Amino acid sequence: MILPANIIDGLDSGVVVLDANRRVEVWNDWMAVHSSIAASAARGRDLLDIFPELGRSHLLQAVERALNHRLPTVMSHNLHPRVLPLFNRYGASVEPVEQSVVVRPVADGDSTGCLIQVADITAAVKRDRHLRDVTVYNRTLFEMAVDPMATVDRAGILRDVNPAFEGLAGTQRAGLLGSRFDAWFTKPVEAGRLIARTLADGRANDVLLSLRQADGQQRHVSLSAATVPGRADGATMVFLVARDLTERIEAERELARKTRIIEQSNAELAQFAYVVSHDLRQPLRTVSSFLTLIERRLGEAIEDDLKEFIAFAVDGARRMDRLIVDLLNYSRVGRQDAPLDEVDLGASLAEAMANLGTVVAESHAEVAVPEHLPRIMGSRSELVRLFQNLLANAVKYVETGKRPRVVVECRDGGSDWVLSVRDNGVGIPGDCLDRVFGLFQRLNPAEHTEGTGIGLAVCRKIVDHHHGRIWVESHLGEGATFFVSLPKEGATPEG
Ligand SMILES: Nc1ncnc2c1ncn2[C@@H]1O[C@H](COP(=O)(O)OP(=O)(O)OP(=O)(O)O)[C@@H](O)[C@H]1O
Ligand SMILES: [Mg+2]
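Given the structure is predicted, the values throughout are model-derived calculations rather than measurements.

> Is there a simple way to think about the packing of helix H12 (residues 345-355) against helix H14 (residues 380-396) in this case?
It is the contact of H12 with H14, at a shortest axis distance of 8 Å, that shows an interaxial angle of 55°. As the angle between them shows, H12 and H14 are arranged oblique. The hand of the H12/H14 crossing is right-handed. Counted together, Leu 345, Ser 348, Leu 349, Glu 351, Ala 352, Met 353 and Asn 355 of H12 and Arg 380, Leu 383, Val 384, Phe 387, Gln 388 and Leu 391 of H14 form the full contact between these two elements. Partitioning the contact of H12 with H14 into residue classes produces eight nonpolar, three polar and two charged.

> Please explain the site of ligand 1 as it appears in this structure.
Ligand 1 sits among 20 residues. The nearest are Tyr 397, Asp 423, Arg 442, Asn 444 and Leu 456. Here an oxygen atom of ligand 1 sits 3.0 Å away from a polar atom, N or O, in the main chain of Leu 443. In the model, an oxygen atom of ligand 1 is placed 2.8 Å from a nitrogen or oxygen of the Gly 455 main chain. Its free accessible area being 590 Å², ligand 1 has 97% of it covered by the protein chains.

> Got a minute to help me understand the nonpolar core in this structure?
For soluble globular proteins, the rule of thumb is that nonpolar side chains tend to be buried together. Of all hydrophobic cores here, the largest spans 39 residues; its most connected members are Leu 386, Leu 390, Ile 428, Val 472, Phe 482 and Val 484. Going through the elements one at a time, H12, H14, strand E16 (405-412), strand E17 (416-422), helix H15 (455-465), strand E18 (469-474) and strand E19 (480-487) are the ones with two or more residues in this core. Take this core: its biggest share by element is eight residues, from H14. Once you skip the residues sitting within four places of it in the chain, Ile 428 turns out to touch Leu 433, Val 436, Leu 443, Val 472, Ser 474, His 475, Leu 476, Ala 480 and Phe 482. Judged by nonpolar contacts, the second largest core, of 29 residues, contains Trp 30, Leu 47, Ala 62 and Met 75.

> I would appreciate a short explanation of the packing of H14 against H15 in the present structure.
The axes of two packed helices give the description: the angle between them and the distance between them. Between H14 and H15, the least distance of the axes is 9 Å, while the angle of their chain directions is 145°. Taken as a pair, H14 and H15 cross one another with a handedness that is left-handed. Judged by residue contacts, Glu 382, Arg 385, Leu 386, Asn 389, Leu 390 and Asn 393 of H14 engage Gly 455, Leu 456, Val 458, Cys 459, Ile 462, Val 463 and His 465 from H15.

> Would you mind going over the sheet that holds strand E9 (residues 158-161) with me for this structure?
Sheet strands line up and pair through hydrogen bonds in the backbone, either parallel or antiparallel. If you trace the five strands from one edge of the open sheet to the other, you get E9-E8-E12-E11-E10, paired in antiparallel fashion. Bordering the open sheet on either side are E9 and strand E10 (203-212), each of which pairs with just one other strand. The sheet shows a mean angle of 30° between the axes of neighbouring strands, taken without regard to direction. Sheet topology places strand E11 (residues 218-228) next to strand E12 (residues 237-244); eight bridges connect them, and they run antiparallel. Across the sheet, residue Thr 227 finds its bridge partner in E12, namely Val 238.

> Explain a nonpolar patch on the surface to me, please; I cannot follow it from the model alone.
A cluster of nonpolar residues, Ile 294, Leu 298, Leu 306, Phe 309 and Phe 312, forms a patch on the protein surface that exposes about 480 Å² of accessible area. Of all the secondary structure elements, the ones that give two or more residues to the nonpolar patch are helix H10 (246-298) and helix H11 (304-332). By residue number, the principal contributor to the nonpolar patch is H11, which donates three residues. Residue position: Phe 312 is located in helix H11.

So, how was this worked out
Residues numbered from 1 in each chain as written. Chains lettered and ligands numbered in written order. Predicted model: local features only at pLDDT ≥ 70, side-chain atom pairs only at ≥ 80, totals over all residues. Heavy atoms only, no water. Axes fitted to C-alpha atoms, helices over the stretch in contact; angles between N-to-C directions. Helix = DSSP H or I, 4+ residues; strand = E, 2+ residues; numbered from the N terminus. Parallel < 35°, antiparallel > 145°, perpendicular 65-115°, else oblique. Left-handed = near helix turned anticlockwise from the far one by under 90°. Contact = heavy atoms within 4.5 Å. Nonpolar A, V, L, I, M, F, W, Y, C, P; charged D, E, K, R; others polar. Near = heavy atom within 4 Å. Polar contact = N/O pair within 3.5 Å; in protein donor to acceptor, adjacent residues only side chain to side chain. Areas by Shrake-Rupley, 256 points an atom, 1.4 Å probe, with all protein chains shown as cover. Core = buried A, V, L, I, M, F, W, Y, C linked by side-chain atoms within 4.5 Å. Buried < 20%, exposed > 50% of the residue type's maximum accessible area, 1.4 Å probe, protein only. Pairing = 2+ DSSP bridges. Patch = residues over 30% accessible without salt bridge, like charges linked within 9 Å, V, L, I, M, F, W, Y side chains within 5 Å. Salt bridge = Lys/Arg side-chain N within 4 Å of Asp/Glu carboxyl O.

Quick look at the structure:
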């Protein structure tokens, strides 16, 4: 033997030497430990006798090749994973030794023997398996991710993409890999800058870019990028995650477009209402003044029924004028130029009462108002009109002959003030509580009480303008209470 026995026994791999008859000559300690067969028990025995399971195995064929044809055989782990029944024992656990085996002929005096070397590659095999598991796991995550992902190298070339990215670009992998990343964007310079910045800083977040799909359509994406550090080949890659914002951005744009159209048509409508009502009043005035002239010209000779007809016509013109004036006022509420100031609600209420002076006096109404009312940010003239309309209604919609009693109150509603105007009038049926705030909505036939049905519509517009709320609670015949809640902070300046 070339090597002394103690060296062979000290080796950290298996060594078996067989003579020309396949009988064991050398069986080192490593073999003894991993096969649980002592050298003394192995020596002199046929290898097949020791391991009957080798039968017609590749190892046995390799041994025959070495003994009979002097040919070596390398048995790689991939093809021949566990050539010999060898085990590693750790305490109570036993696991097979993953092996890489080399069989080569050796001169044995005049005849030819054979050397079997067994290397334990269990650790490497385990590491490989673990690595493969990790790779498969990560790849699966990458492939299944809903967000488009890609890797780009230092030169700005796309190196990997996931299916979501293929979907985003509208192109298969093959059409993406190897292409320039920046070339896919409507602003290639900015896309290139994103890669450069990521390479310099290590990351970049939420960069908005538009990607041009293969068919020319654009997708708006938010890109986040980070460098992938510590690659074995030392190359730095940029890892990108995209979020497709196309739907959201387009919805926002559509909303802005519609808002613009609505604002424009609102402004036009307001202008229209203003011009129309203004211009309508002039011919109306002509009608009533000439009617009056006709009446005067006819003098005493005028017949009673003709007199009555003329009176109806004049009254009609007067009512129509009132309608136009009310409409005009309605169209003015909340106009951009209405000034917002600190307004004393007490003063507004007092002014409304003063404006209603004769109405209140004639009806002998009793109106109770709170001693103190808060101040808010708002439009003074509008708040006066709000009180005036509510009080006028409270006094007006009472059974004939009954004395109107009205109570105005204000309570603290936390973030807003809640004003209420309670009356003892005819009340409002439950199914009309919302309807009364609509334009031209009147519940009582026109003959009974005068009015155009605009008052509460104006109130609602004023309250909207102040970012508040208006509603009514009532039962038919038991009076009504109108509530107005106004934010303490007041309306925001844009109105
Ligand atoms: N306090 C109330 N009690 C009972 N019914 C009411 C009360 N206030 C309003 N209403 C009903 O709601 C309708 C609409 O009121 P609104 O103030 O808008 O119009 P109007 O009083 O008829 O006319 P104007 O435009 O002159 O105010 C009224 O016609 C009336 O039928
Ligand atoms: Mg009214």
